[in-house]
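# Structure at a glance
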Amino acid sequence: MRTTIAIESPRHHDIEALLGLSAEYAESLYPPESNFLLGVDELEQRGVTFYAARDETGRALGIAALVPSPGDTAELKRMFVHPEGRGRGLGAALLVRIEADAAARGIREVVLETGPLHAAALALYRRQGYREIAQFGQYIGEEFSVCFAKSL
């Protein structure tokens, strides 16, 4: 399967559908107060870079956003792959592209938060060289937050 990864608007109709699926999935696993999902308006803020992975037909099957943080760090948010796209390496491909773009912009570290019930995500981040770190920012003290970082 040929995949393309590009910077896109989160307002595209098939991307909004993926954002909806992502929210439904997170809400099925965790209580509302433990979900830290950015909405479309937040994903359109200055400095946020939003990515979509599309298959050979142009269908969006994966998404992720890179949100700048103070200094030379950025946070990975809204990483999600459609169930029909899982097992095809889309998550890893998104990370490779995002990390390359981040490094080119002078970002030295990518941080992220996920949940302990996201087994596939936990495995992906570990395979891609992310290390578990102490909870940071709004995630401090959260029962359902696992945080990771990767130096670029």
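A brief structural summary. (Residues numbered from 1 in each chain as written. Predicted model: local features only at pLDDT ≥ 70, side-chain atom pairs only at ≥ 80, totals over all residues. Heavy atoms only, no water.)

Tallied over the full model, the rule gives 5 aromatic pairs. Note on Phe-36 and Tyr-139: the rings are 5.0 Å apart at their centroids and 90° apart in plane angle, and the pair reads as edge-to-face. Pair noted here: Phe-36 is in the loop between helix H1 (13-29) and helix H2 (40-43) and Tyr-139 is in the loop between strand S6 (131-133) and strand S7 (146-151), with a separation of 103 residues, a long-range link. Among the aromatic residues, ring-to-ring pairing joins Phe-36, Phe-136 and Tyr-139 into one connected group. Here the guanidinium or amino end of Arg-86 rests over the ring plane of Tyr-25, the centre of that ring lying 5.6 Å away. (Phe/Tyr/Trp six-rings, centres within 6.5 Å; stacked < 30°, edge-to-face > 60°. Helix = DSSP H or I, 4+ residues; strand = E, 2+ residues; numbered from the N terminus. Lys NZ or Arg CZ within 6 Å of the ring centre and 35° of its normal.)

This next bit is on the side chain of Arg-54. When you line up the elements, Arg-54 lands in strand S2 (residues 49-54). Overall, Arg-54 belongs to the buried group, its relative accessible area being 11%. Of note is the side chain of Arg-54, whose polar atom sits 2.6 Å from the backbone oxygen of Gly-58. When near neighbours in sequence (up to four residues on either side) are disregarded, Arg-54 contacts Arg-2, Thr-3, Thr-4, Glu-8, His-12, Asp-14, Ile-15, Arg-59 and Ala-60. (Buried < 20%, exposed > 50% of the residue type's maximum accessible area, 1.4 Å probe, protein only. Polar contact = N/O pair within 3.5 Å; in protein donor to acceptor, adjacent residues only side chain to side chain. Contact = heavy atoms within 4.5 Å.)

For the rest of this paragraph, the subject is the environment of Phe-144. Inspection of the secondary structure puts Phe-144 in the loop between S6 and S7. It is 7.3 Å that separates the C-alpha atoms of Phe-144 and Tyr-30, two residues lying 114 residues apart in sequence. Sequence-distant contacts of Phe-144, that is, excluding residues within four places in its chain, are made with Tyr-30, Pro-31, Ser-34, Glu-113, Thr-114, Gly-115 and Pro-116.

Within strand S5 (residues 109-114), 5 of the 6 residues are buried, which leaves it mostly tucked inside the rest of the structure. Pairing of strand S4 (residues 73-81) with S5, which is carried by 4 bridges, proceeds in the parallel orientation. Of the residues in S5, the one forming a bridge with Glu-75 is Val-111. The parallel pair S4 and S5, bridged by helix H3 (residues 90-104), forms a crossover whose chirality is right-handed. (Pairing = 2+ DSSP bridges. Right-handed = clockwise from strand over helix to strand, strands pointing away.)

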